[in-house]
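What the coordinates show
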Amino acid sequence: MRRGLKYVPPALLLLALLELTVFVLAGRAVGFGAAVLLVFGASLLGLVLLRREGMRAWRGFRAAAQAGRPPGPEVTDGLVGLLGALLLALPGLVSGVVGLLLLVPPLRRLAGGGVRRATERRVSSMVAGDLFGPRRVRVYRGAPQPAPEPSPAPAPQPVTDPGKAIEGEIVDR
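Residues numbered from 1 in each chain as written. Predicted model: local features only at pLDDT ≥ 70, side-chain atom pairs only at ≥ 80, totals over all residues. Heavy atoms only, no water.

What follows concerns the pattern of salt bridges. Summed over the entire model, instances satisfying the criterion amount to 7 salt bridges. Residue Arg108 is joined to Glu53 by a salt bridge in which the shortest nitrogen-to-oxygen separation is 2.6 Å. Here Arg108, found in helix 5 (residues 105-122), pairs with Glu53, found in helix 2 (residues 32-67); they are 55 residues apart in sequence, far enough to count as distant. Note that Arg69 and Glu74 form a salt bridge whose closest N and O atoms lie 3.0 Å from each other. Taken together, the shared-partner salt bridges connect Arg52, Glu53, Arg56, Asp77 and Arg108 into one network. (Salt bridge = Lys/Arg side-chain N within 4 Å of Asp/Glu carboxyl O. Helix = DSSP H or I, 4+ residues; strand = E, 2+ residues; numbered from the N terminus.)

The following block contains the structure:
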């Protein structure tokens, strides 16, 4: 994670240059006053949506916790919504467009799936199970498997029909 931090300052500089370039081009196309009003209006809308998305995320988390469901789906949806509203609240046309795209339901679900996969890679399978519930997997016979660690007693090999998928849940013990 620390290795990636060295790219943050140049990335922020490039983002600022991109925002400035897009603003100048928009100002030339529709006029400077209209471009300023567009940025101001998008930021105001982002601030309103930031409050709404925050409350929506909190309600979803509380409802999942009270119902005894894993809160992960509500949390990821809330995080994506908050990120979209935050990007919309930032002054800039590029960040505003990205923020609006993250608030569109199909793209929001797609981004939420990416957040979920990234979270599952970074936390243990037990924590991921607590956040998102048991994972559904498909296993096909003949798939490459890691070499088993030596054990005193050989483990029995499961017998399956070739080519048939086995559906189940991953359960940590």
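Further notes follow.
On to the packing of aromatic side chains, then. The geometry of an aromatic ring pair comes down to the distance between the two centres and the angle between the two planes. Scanning the model with the defined rule gives 2 aromatic pairs in all. Here Phe23 and Phe32 contribute two aromatic rings whose centre-to-centre distance is 5.9 Å and whose plane-to-plane angle is 80°, an arrangement assigned as edge-to-face. With relative accessibility at 21%, the residue Phe23 sits in the partly exposed group. (Phe/Tyr/Trp six-rings, centres within 6.5 Å; stacked < 30°, edge-to-face > 60°. Buried < 20%, exposed > 50% of the residue type's maximum accessible area, 1.4 Å probe, protein only.)

All right, on to helix 5 then. For helix 5, with 18 residues, the first-to-last C-alpha span of 25 Å sits near the 26 Å given by 1.5 Å per residue. For helix 5, the complete set of buried residues consists of Arg108, Gly112 and Glu120. Along the axis of helix 5, the buried residues cluster in a sector spanning 110°; they form a single face. In this structure, helix 5 carries Leu110, Arg121 and Arg122 as exposed residues pointing more than 90 degrees from its buried face. Next to the buried residues of helix 5 lie helix 2, helix 3 (72-89), helix 4 (93-103) and helix 6 (125-132). (Expected span 1.5 Å × (residues − 1). Arc of directions from axis to C-beta. Contact = heavy atoms within 4.5 Å.)

Time to look at the side chain of Glu53. Look at Glu53 and you get buried, because its relative accessible area is 0%. One polar contact links Glu53 to Arg52, side chain to side chain, over a distance of 2.6 Å. When residues no more than four places from it in sequence are discounted, the contact partners of Glu53 are Gly81, Leu82, Ala85, Leu103 and Arg108. (Polar contact = N/O pair within 3.5 Å; in protein donor to acceptor, adjacent residues only side chain to side chain.)

Let us now look at the nonpolar core. Of all hydrophobic cores here, the largest spans 5 residues; its members are Ala42, Leu49, Ala85, Leu88 and Leu103. Every element with two or more residues in this core is listed here: helix 2 and helix 3. Ignoring any residue separated from it by four or fewer positions in sequence, one finds Leu88 in contact with Ala42, Ser43, Leu45, Gly46, Leu49, Ser95, Gly96, Gly99, Leu100 and Leu103. (Core = buried A, V, L, I, M, F, W, Y, C linked by side-chain atoms within 4.5 Å.)

Let's shift gears to the side chain of Thr76. Checked against the element boundaries, Thr76 lands in helix 3. By relative accessible area, Thr76 is classed as buried at 8%. Here Pro73 takes part through its backbone oxygen, which lies 3.0 Å from a polar atom of the side chain of Thr76. If near-sequence neighbours (up to four positions away) are discounted, Thr76 is found in contact with Gly112, Val115, Arg116 and Phe132.

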